[in-house]
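Chain by chain, the residues run as shown.
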Amino acid sequence: MSRGRSADVAVIGGGIVGLACSWELRRRGLSVTLIERGRPARESTWAAAGIIAAHHYGATPGPLFDLLRRSLSAYPEFLENVGAGQADWRSHGMLAVARTDQEDAELTARVSWLTDAGYEAELLPPWELRDLEPACTGSVETAALFPSDGSLDPRLLAAALEKAVRSTGVDVLTDARATSIEIGDSRVSGVRLVDEVVAAPAVVLAAGAWCAGLAPAFRLPVRPCKGQMCAVRGEGPRRAVNYPEGVIVPRADGRIALGATQEDVGFDAHVDADAIRQVHGDAAAIVPGLANAEIVETWMGFRPQSADGFPVIGPTPVEGLVVATGHFTKGIALAPVTAELVADLVCDARLDPLLRPFGPDRFA
């Protein structure tokens with residue numbers, strides 16, 4: 001087995017988190033080898049909706065909101081630095097809608113605590129929603145506008161980030177399956193692949209839903225959560241619209257992304273026609289004009305979901321090994337801050353207080 005390849009740090013996983021970490025680590029002067037089991041960003045990153053918000057998908061006051069908020073504020077500079085000017089970044093806000101009394105109570109409470117936290121949020125009656133987004137003519141009790149939220153096309157961002165990673169000199173290994181993390185004298189020494197070993201005194205484990213099987217000598221309860229989505233062509237909103245079952249996200253190419261399911265079914269990659277019909281129907285209840293819109297693409301992805309639903313980012317019991325996984329529905333939103341804080345750990349052994357609640361030691 002070849003042992004000729006080496007780097008200051010090896011990053012396992014070429015999704016949005018692994019790419020962002022590789023880019024930031026290389027930017028700080030380290031030599032980096034990125035190890036991807038398939039093609040970069042073709043798993044959950046490829047399947048993501050691309051919402052960038054500090055309160056999306058159930059984030060409440062506390063550490064996760066703080067982490068998301070910091071990442072949201074970092075996004076414009078992050079996009080500029082990685083050359084992602086064509087990632088369809090839309091910074092003119094996100095809408096949320098409520099259709100029942102229960103949903104109305106949740107949305108009203110969300111706007112209240114966000115406002116108290118100094119985050120832009122405004123409740124809208126249905127007629128103001130329709131003035132703002134004429135396509136949203138479905139049955140809605142209440143809506144809210146979050147002006148500082150944004151959205152982008154994760155596929156365009158990933159392509160720009162992969163280009164940036166390669167152009168800065170990161171050694172990108174594709175179709176390269178990591179089989180184990182090598183340990184010597186109680187610290188990490190590299191990554192074993194099927195046919196070689198990449199020697200490295202630091203390793204970042206960012207393999208998404210595949211991380212659990214690579215964690216050496218400690219518990220990392222991360223499993224796949226399947227999400228199915230579709231894209232349609234039709235008349236839709238100009239900004240992203242969030243509702244309890246999913247999102248409607250316009251794209252620059254005229255398509256509208258709709259989704260997504262959340263299914264605890266392991267690594268089942270089947271795209272189910274009934275699930276897609278449900279996703280399409282949920283969106284059409286908000287934007288009736290989408291009911292007869294042509295479905296032009298269907299897809300699925302495996303989100304990495306931890307046992308408690310929160311990200312797993314931080315140092316591990318193995319010296320030199322850092323994990324960055326469990327981002328669940330928020331991988332795109334958290335990529336910039338994750339890369340920054342992981343690089344702080346690897347380069348300076350500095351654990352930012354923001355990360356303390358998210359360490360893998362909470363599962364010990």
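Our subject is the structure that appears above.
Below, the structure is looked at part by part.

Cut-offs and rules
- Residues numbered from 1 in each chain as written.
- Predicted model: local features only at pLDDT ≥ 70, side-chain atom pairs only at ≥ 80, totals over all residues.
- Heavy atoms only, no water.
- Helix = DSSP H or I, 4+ residues; strand = E, 2+ residues; numbered from the N terminus.
- Rg over C-alpha atoms; globule rule 2.2 N^0.38 Å.
- Buried < 20%, exposed > 50% of the residue type's maximum accessible area, 1.4 Å probe, protein only.
- Contact = heavy atoms within 4.5 Å.
- Axes fitted to C-alpha atoms, helices over the stretch in contact; angles between N-to-C directions.
- Parallel < 35°, antiparallel > 145°, perpendicular 65-115°, else oblique.
- Left-handed = near helix turned anticlockwise from the far one by under 90°.
- Nonpolar A, V, L, I, M, F, W, Y, C, P; charged D, E, K, R; others polar.
- Pairing = 2+ DSSP bridges.
- Phe/Tyr/Trp six-rings, centres within 6.5 Å; stacked < 30°, edge-to-face > 60°.
- Core = buried A, V, L, I, M, F, W, Y, C linked by side-chain atoms within 4.5 Å.
- Expected span 1.5 Å × (residues − 1).
- Polar contact = N/O pair within 3.5 Å; in protein donor to acceptor, adjacent residues only side chain to side chain.

This part covers the overall build of the protein. Along the backbone of the protein there are 8 helices and 20 strands. By the compact-globule yardstick of 21 Å for 364 residues, the protein fits well, its C-alpha radius of gyration being 20 Å. Dimensions of the protein, computed from the C-alpha atoms along their principal axes, are close to 65 × 40 × 35 Å. Expressed as a percentage of its 364 residues, the buried residues of the protein come to 57%. In the protein, of all internal contacts separated by at least 6 residues, the share reaching a separation of at least 24 is 74%.

Bringing the packing of helix α1 (residues 16-27) against helix α8 (residues 331-348) into the picture now. Describing two packed helices takes the angle between their axes plus the distance from one axis to the other. Remark: α1 packs on α8, axes separated minimally by 8 Å, with the N-to-C direction vectors making an angle of 40°. What the angle tells us is that α1 and α8 run oblique. When the axes of α1 and α8 are compared, the crossing they make is right-handed. Contact residues: Ile16, Val17, Ala20, Cys21, Glu24 and Leu25 in α1; Gly331, Ile332, Ala335, Thr338, Ala339, Glu340, Val342, Ala343, Val346 and Cys347 in α8. A class-by-class count of the residues in the contact of α1 with α8 yields 12 nonpolar, 2 polar and 2 charged.

With that settled, consider the sheet that holds strand β14 (residues 222-233). In a beta sheet, neighbouring strands pair by backbone hydrogen bonds and run either parallel or antiparallel. The 8 strands are arranged β6-β7-β5-β15-β16-β17-β14-β18 in an open sheet whose pairing can be described as mixed. With partners counted over all chains shown, the strands left at the sheet margins are β6 (122-124) and β18 (294-306), one partner each. Averaged over all neighbouring strand pairs, the angle between strand axes comes to 20°, with direction disregarded.

Summed over the entire model, instances satisfying the criterion amount to 8 aromatic pairs. Seen from their ring centres, Phe65 and Trp113 are 5.1 Å apart, and the 85° between their planes marks the pair as edge-to-face. Of this pair, Phe65 sits in helix α3 (residues 63-82) while Trp113 sits in helix α4 (residues 101-116); the two residues are 48 residues apart in sequence, bridging distant segments of the chain. For the pair shown, Phe65 and Trp113 are each scored as buried.

Looking now at the environment of Ala324. With respect to the helices, strands and loops of the structure, Ala324 is situated in strand β20 (residues 321-325). Ala324 sits 36 residues away from Pro360 along the chain, and the two C-alpha atoms are 9.5 Å apart. Beyond its immediate stretch of four places on either side in the chain, Ala324 contacts Val17, Val204, Leu205, Ala206, Val312, Ile313, Thr338 and Val342.

The next point concerns the pairing of strand β12 (residues 196-199). Taken together, the 3 bridges between strand β11 (residues 187-193) and β12 define a ladder with antiparallel strand orientation. Note on β12: the bridge partner recorded for Val191 is Val198. Hairpin geometry of β11 and β12 is characterised by an intervening segment of 2 residues between the two adjacent antiparallel strands.

To continue, consider the nonpolar core. A general feature of soluble globular proteins is that nonpolar side chains tend to end up buried together. Grouped together as the largest cluster of nonpolar side chains are 80 residues, with contacts concentrated most on Leu25, Phe146, Leu157, Val204 and Val346. Counting residues per element, this core draws most heavily on α8, at 11 residues. Among residues more than four places away in sequence, those in contact with Phe146 are His55, Gly93, Met94, Ala96, Leu107, Arg110, Val111, Leu114, Glu120 and Ala121. Leu173, Ile181, Leu193 and Leu205 belong to the second largest nonpolar core, which has 26 residues in total.

Between its first and last C-alpha, α4 extends 23 Å over 16 residues, near the 22 Å set by a 1.5 Å rise per residue. Taken as a whole, α4 has its buried residues at Glu103, Leu107, Arg110, Val111, Trp113 and Leu114. Turning to α4, the residues buried within the fold contact α3, β5 (94-98), β6, β7 (142-146) and β15 (241-243). Following α4 by one or two positions, Gly118 has its phi on the positive side, about 80°.

This brings us to the side chain of Arg155. By secondary structure assignment, the location of Arg155 is in helix α6 (residues 154-167). Under the relative-accessibility criterion, Arg155 is labelled buried at 15%. Looking at Arg155, its side chain comes within polar contact range of the side chain of Glu297, at 3.1 Å. Ignoring sequence-local partners within four residues, the contact set of Arg155 consists of Trp46, Arg255, Glu297 and Trp299.

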